Amino acid sequence: MRVLLVGAGGVGTAITRIAARRQFLDTMVVADYDRSRAEAAVASLGDRGDRFRAEQVDAQDEQAVTALLRRHECDVLLNATDPRFVMPLFQAARGAGVTYLDMAMSLSRPHPERPYEECGVKLGDTQFAQAAQWEQSGALALVGMGVEPGLSDVFARHAADELFDEIEEIGIRDGADLTVDGLAFAPSFSIWTTIEECLNPPVIYEAERGWFTTAPFSEPEVFDFPEGIGPVECVNVEHEEVLLVPRWIDARRVTFKYGLGGDFIDTLKTLHLLGLDSTQPVTVPGPDGPVAVSPRDVVAACLPDPATLGERMRGKTCAGTLVRGLKDGKRREVYLYHVVDNQWSMTEYGCQAVVWQTAVNPVVALELLASGRWTGKGVLGPEAFPARPFLDLLTEYGSPWGMREQ
């Protein structure tokens, strides 16, 4: 398999370190807008880096990405950029006739009149609008294949196939006890993406109503996370699983709740109050005259790069899927989960826990595609594939998953 990886940030770098240990990969071209970041990611592999090449590319330039795919004869484009660049990369892959894989889907737009009741443009709508063309061409776009979305969706598929006869609710629950030495506010993932997820209207699915929205941070609940993390207050946020799971799995209700904590929520609310979550440029004075900048980009620039926090980070992160329903006529509730300890991921891979946990899942998916254990065409989510091969291979990678009867 020959892969073009676009994006050499924290997750992209972690992908290279995980993939370098696997034999299914023939070549991985690591491309970034900043060529030095791509070169650094390849250089950090040392003796394992002989199958990796560094390139420069602008993820917004569809023609340049298509040309790069053809020049290196790649058969997969793996998108490790933030969601702003999903569509040009998605379309570049289609133009080149190669498999596409991402970890986040095309952006949403709130309903213009009723943002906290009705959906506007939903996450992934722009991609799914092209599903027929992908299917007709025989090509595959595997969307939402990170940890959340991604592994959480695989857990949902596993529950539907092996654990339940009837599902009442699938609820993704994400929490952690991570701290960063010396920093009161230091998100462990891209603040740009975090703002997008947490301040957009959350989406809920109910079989009787379809998809609908609520206010940010709605329906707070305390969820007890496993392996010593303990109770964390979780709230509704916008996330791809709610848009993906109902397309392939019969469930009466689907939700996503994120364990943010009160201080984090208050900070996000303040950013929103001040307009600092906006992506629309504002004009500010500069040394050479007025400059147009996005407030959200300024916030991101003021915070430390999450990929650099590993040495100062302590604790564990947990991604998981809570499923309620019936099995053999009896009520059942289980939590399928994956926990990564930051000390382990730093020692083993030199990557902090959240970016490593995100990165391992697309690599597992690539290996399943390379071996033919996962096959498909069109625009598909992780739920469209059998779960057991993925879960078995994830364990083989040295990062087992767990299940707790509630």
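The preceding data block contains the structure.
All of the points below concern the structure found in this document. None of these values were measured; they are calculated from a predicted model.

So, on to the overall build of the protein chain. In terms of regular secondary structure, the protein chain is built from 14 helices and 20 strands. The C-alpha radius of gyration of the protein chain comes to 20 Å, within 12% of the 22 Å expected for a compact globule of 406 residues. Based on the C-alpha atoms only, the size of the protein chain along its principal axes is roughly 60 × 55 × 45 Å. Taking all 406 residues of the protein chain together, the buried fraction comes to 57%. Relative to all contacts within the protein chain whose residues are 6 or more apart in sequence, the contacts with residues 24 or more apart total 70%. Carbon together with sulfur atoms contributes 48% to the accessible area of the protein chain, which is approximately 16500 Å² in total.

A word on the nonpolar core. Counting residues in each nonpolar core, the largest one holds 92 residues, and the members touching the most others are Ile-15, Trp-374 and Phe-390. The element that contributes the greatest number of residues to this core is helix H13 (residues 353–371), accounting for 11 residues. Those residues in contact with Ile-15 that sit more than four places away from it in its chain are Leu-5, Met-28, Leu-78, Ala-80, Met-103, Ala-359, Pro-362 and Val-363.

Applying the stated criterion across every chain yields a total of 15 aromatic pairs. Ring geometry for Trp-374 against Phe-390: centres 5.6 Å apart, planes inclined by 25°, an arrangement best described as stacked. Pair noted here: Trp-374 is in the loop between H13 and strand E19 (378–380) and Phe-390 is in helix H14 (residues 387–396), with a separation of 16 residues, a long-range link. In this structure, Trp-374 and Phe-390 share a single accessibility class: buried.

On to the environment of Pro-115. By the element assignment, Pro-115 lies in the loop between strand E5 (99–102) and helix H5 (125–128). Counting along the chain gives 85 residues from Pro-115 to Asn-200, while the straight-line C-alpha distance between them is 8.8 Å. If we skip the residues at most four places from it in the chain, Pro-115 touches Pro-110, Pro-201 and Thr-213.

Reading guide: rules and limits
- Residues numbered from 1 in each chain as written.
- Predicted model: local features only at pLDDT ≥ 70, side-chain atom pairs only at ≥ 80, totals over all residues.
- Heavy atoms only, no water.
- Helix = DSSP H or I, 4+ residues; strand = E, 2+ residues; numbered from the N terminus.
- Rg over C-alpha atoms; globule rule 2.2 N^0.38 Å.
- Buried < 20%, exposed > 50% of the residue type's maximum accessible area, 1.4 Å probe, protein only.
- Contact = heavy atoms within 4.5 Å.
- Areas by Shrake-Rupley, 256 points an atom, 1.4 Å probe, with all protein chains shown as cover.
- Core = buried A, V, L, I, M, F, W, Y, C linked by side-chain atoms within 4.5 Å.
- Phe/Tyr/Trp six-rings, centres within 6.5 Å; stacked < 30°, edge-to-face > 60°.

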